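Each chain, written out:
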Amino acid sequence: MDDVKHSVYPVVNAHNEWDPLEEVIVGIVDGAMIPPWDVILEATLHERELWDFHRKFGGSPWPKEIIDAAKKDLDEFVHILEAEGVTVRRPTPYDFSKPYATPDFETKSGCYALMPRDVLLAIGDQIIEAPMGWRSRYHEHSAYKDLCKEYFKKGARWVSAPRPQLSDRSYVEGFVAPQEGEPMRTILTEFEPLLDAADVIKCGRDIFVAQSSCCNRFGIEWLQRHLGNDYSVHEVEVHDTHPMHIDATFYPLAPGKLLINPERVPHVPEMFAKSGWDVLVCPEPVMPESHPMYNCSRWISMNVLMLDEERVIVSKGEDTLIRALEDWGFKPIPCNFYDFETIGGGFHCASLDVRRRGELRSYF
Ligand code: DAV
């Protein structure tokens, strides 16, 4: 379980998406709730039927058969990670079923500890608790406190971004998501810094972030100033009518290899071409349209996890992507994950790489 003493690196050491992976947090299905309805869901869920689903069932536990199927996928993911020599850590089960309120808002329940990627940003030797924009995720950090305390005691820096208030002032009143082809807009105002950790993707000294329904400019600016002069935070232009997170959109997989979602990235920042990076265009997902997806799109196929510059965990069934990854010089490791994707995320979402073997450097 605990092989920190065998590593020559700090207990938290996370500079990019591809240095050899030593330790990772993987989410758990225990106590997972269907996200309760809130105005922010209109900005993230593409289909109206899903709004009705969350209006009706949000704040209740996921049905047992859905959870059992998701857990089976997650167990396979953990098994593969361990078989590949990675130490896997898990959050502490937490009661997300309780309603809660602050002076600024109330919510029928919390969500889950399924997606550590959204909640914590591991960067360099620090763990940052993200200032998340969903009211129902306000206490999600609690499931990770035991791990954070342990990493702190072993030398990591641990900080919480300014806790948001999430009153009505944080959301555009009467927000209507843009139609395809309309200019981008998101539901967040600039009232306070907001950012999910999964809106950020690391590439050494250069960090890429996109505005979304849970990330505003204020959040991006907070991150840049907090990280200081060792890092440059670049905002990526994304076209998505219901944007949430960067990791099914824009993903530097290895030095010189940037994977992009062809529907969402109109321009790759010039710095990539100037430094000779290849832009790898993610092929159309092959997941059947009929497969139930309650919280994310089929482009979750892009949400792979790198074990090093070559080994990549990818959803079994995504054969077109698997072949493309092979052609691009990677070694794909397929893992069943469609049933986990049903409840809202891929391998990158479900994990948080805490320690990789490598140093901070520039790739540009
Ligand atoms: O479009 O599927 C995925 C978000 C992953 N963190 C999408 C968004």
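Here the structure is a predicted model, which means the values were calculated and not measured. Here, residues in each chain are numbered from 1, in the same order as that chain's written sequence. Local features in this predicted model are restricted to residues of pLDDT 70 or higher, and side-chain atom pairs are both shown and tallied only at a pLDDT of 80 or more, whereas totals for entire chains, interfaces and linings draw on every residue. By convention in this description, side-chain values take in all heavy atoms of the structure and omit both hydrogens and water.

Participant: What am I meant to see in the packing of aromatic side chains here?
Facilitator: The geometry of an aromatic ring pair comes down to the distance between the two centres and the angle between the two planes. Stacked, tilted and edge-to-face pairs are distinguished by plane angle, under 30 degrees for stacked and over 60 for edge-to-face with tilted covering the rest, among Phe, Tyr and Trp rings (Trp via its six-membered ring) whose centres lie within 6.5 Å. The final tally for this structure, using the stated rule, is 22 aromatic pairs. Both rings, one in Tyr100 and one in Phe105, keep their centres 6.4 Å apart while their planes meet at 75 degrees; by these two values the pair is edge-to-face. This pair shows no difference in class: Tyr100 is buried, exactly as Phe105 is. Linked through ring pairs, Trp18, Phe208, Phe250, Phe272, Trp277, Tyr363 and Phe364 together constitute an aromatic cluster. For the exposure calls, accessible area comes from a 1.4 Å probe over protein chains only, and a residue counts as buried if that area is under 20% of its type's maximum, exposed if over 50%, partly exposed in between.

Participant: Can you help me understand the environment of Asp353 in this one?
Facilitator: As for its placement among the helices and strands, Asp353 is situated in strand 17 (residues 351–356). Expressed as a C-alpha distance, the spacing of Asp353 and Met115, which sit 238 residues apart in the sequence, is 12 Å. Within the local environment of Asp353, its side chain forms a polar contact with the side chain of Arg117, the two groups lying 2.7 Å apart. Definition of a polar contact: a pair of N or O atoms within 3.5 Å, with one able to donate and the other able to accept a hydrogen when the atoms are protein atoms, and with sequence-neighbouring residues admitted only if both atoms are side-chain atoms. A polar side-chain atom of Asp353 sits 2.7 Å from a polar atom in the side chain of Arg356. Comment: elements are numbered from the N terminus, with helices defined as DSSP H or I runs of at least four residues and strands as E runs of at least two.

Participant: How do you make sense of the sheet that holds strand 13 (residues 278–281) when you look at a structure like this?
Facilitator: Backbone hydrogen bonds are what pair the strands of a sheet, in a parallel or an antiparallel way. Think of it this way: DSSP has to see at least two bridges between two strands before they count as a pair. An order of 11-12-13 is seen for the 3 strands of this open sheet, with the pairing classed as mixed. The open sheet has two edge strands with one neighbour each: strand 11 (250–254) and strand 13. Sheet twist, expressed as the average angle between the axes of neighbouring strands with direction ignored, equals 30 degrees. The sheet contact formed by strand 12 (residues 257–260) and strand 13 spans 4 bridges and is parallel. Following the sheet pairing, Lys257 is matched in strand 13 by Asp278. Where helices are involved, their axes are fitted lines through C-alpha atoms of the stretch in contact, as for all axes, and angles between N-to-C directions lie from 0 to 180°.

Participant: What am I meant to see in the site of the ligand here?
Facilitator: The nearness test applies per residue and asks whether one of its heavy atoms lies within 4 Å of the molecule or strand. Taken together, Met244, His245, Asp247, Ala248, Arg264, Cys296, Ser297, Ile300 and Cys349 form the complete shell of residues around the ligand. A distance of 2.9 Å is found between a nitrogen atom of the ligand and a side-chain nitrogen or oxygen belonging to Asp247. Within the contact set of the ligand, an oxygen atom lies 2.9 Å away from a backbone nitrogen or oxygen of Ser297. Residue-level accessible areas treat just the shown protein chains as cover; the underlying method is Shrake-Rupley with a 1.4 Å probe. Compared with its free state, where it exposes 270 Å², the ligand has 93% of that area covered by protein. Per-class residue counts for the shell around the ligand are 5 nonpolar, 2 polar and 2 charged. For this classification, Asp, Glu, Lys and Arg are treated as charged, while Ala, Val, Leu, Ile, Met, Phe, Trp, Tyr, Cys and Pro are nonpolar and the rest, including Gly, are polar.

Participant: What's the story with helix 2 (residues 48–57) in this structure? I'm lost.
Facilitator: Because each turn of an α-helix spans 3.6 residues, side chains separated by three or four positions in sequence point in the same direction. Where helix 2 is concerned, the buried positions are Leu50, Trp51, Phe53 and His54. The buried side chains of helix 2 occupy one side of the element, clustering within an arc of 160 degrees when seen end-on. Turned more than 90 degrees away from the buried face of helix 2 sit Arg48, Glu49 and Lys56, all of them exposed. Here, residues are in contact when the closest pair of their heavy atoms is within 4.5 Å. Contacts from the buried residues of helix 2 go to helix 1 (39–44). Directly beyond the C-terminal end of helix 2, a positive phi value near 90 degrees is found at Gly59. Note that the arc is computed from the directions linking the helix axis to the C-beta atoms.

Participant: Explanation requested: the pairing of strand 1 (residues 21–26) in the structure shown.
Facilitator: For a regular strand, side chains alternate in direction, first toward one face of the sheet and then toward the other. Of all 6 residues in strand 1, 6 are buried; the element is thus mostly enclosed. Here 5 bridges tie strand 1 to strand 17, and the two strands are oriented antiparallel to one another. Each bridged residue has a counterpart across the sheet, and for Val26 the counterpart in strand 17 is Ser351. In terms of strand pairing, strand 1 meets strand 2 (residues 87–89) through 3 bridges, oriented parallel.

Participant: Is there a simple way to explain the side chain of Glu129 in this structure?
Facilitator: Tracing the sequence through the fold places Glu129 in strand 6 (residues 126–129). Overall, Glu129 belongs to the buried group, its relative accessible area being 4%. Polar side-chain contacts of Glu129 include one of 2.8 Å to the side chain of Lys145. Those residues in contact with Glu129 that sit more than four places away from it in its chain are Val119, Leu120, His141, Lys145, Trp158, Val159, Ser160 and Ala161.

Taken by themselves, the reported measurements are silent on function.
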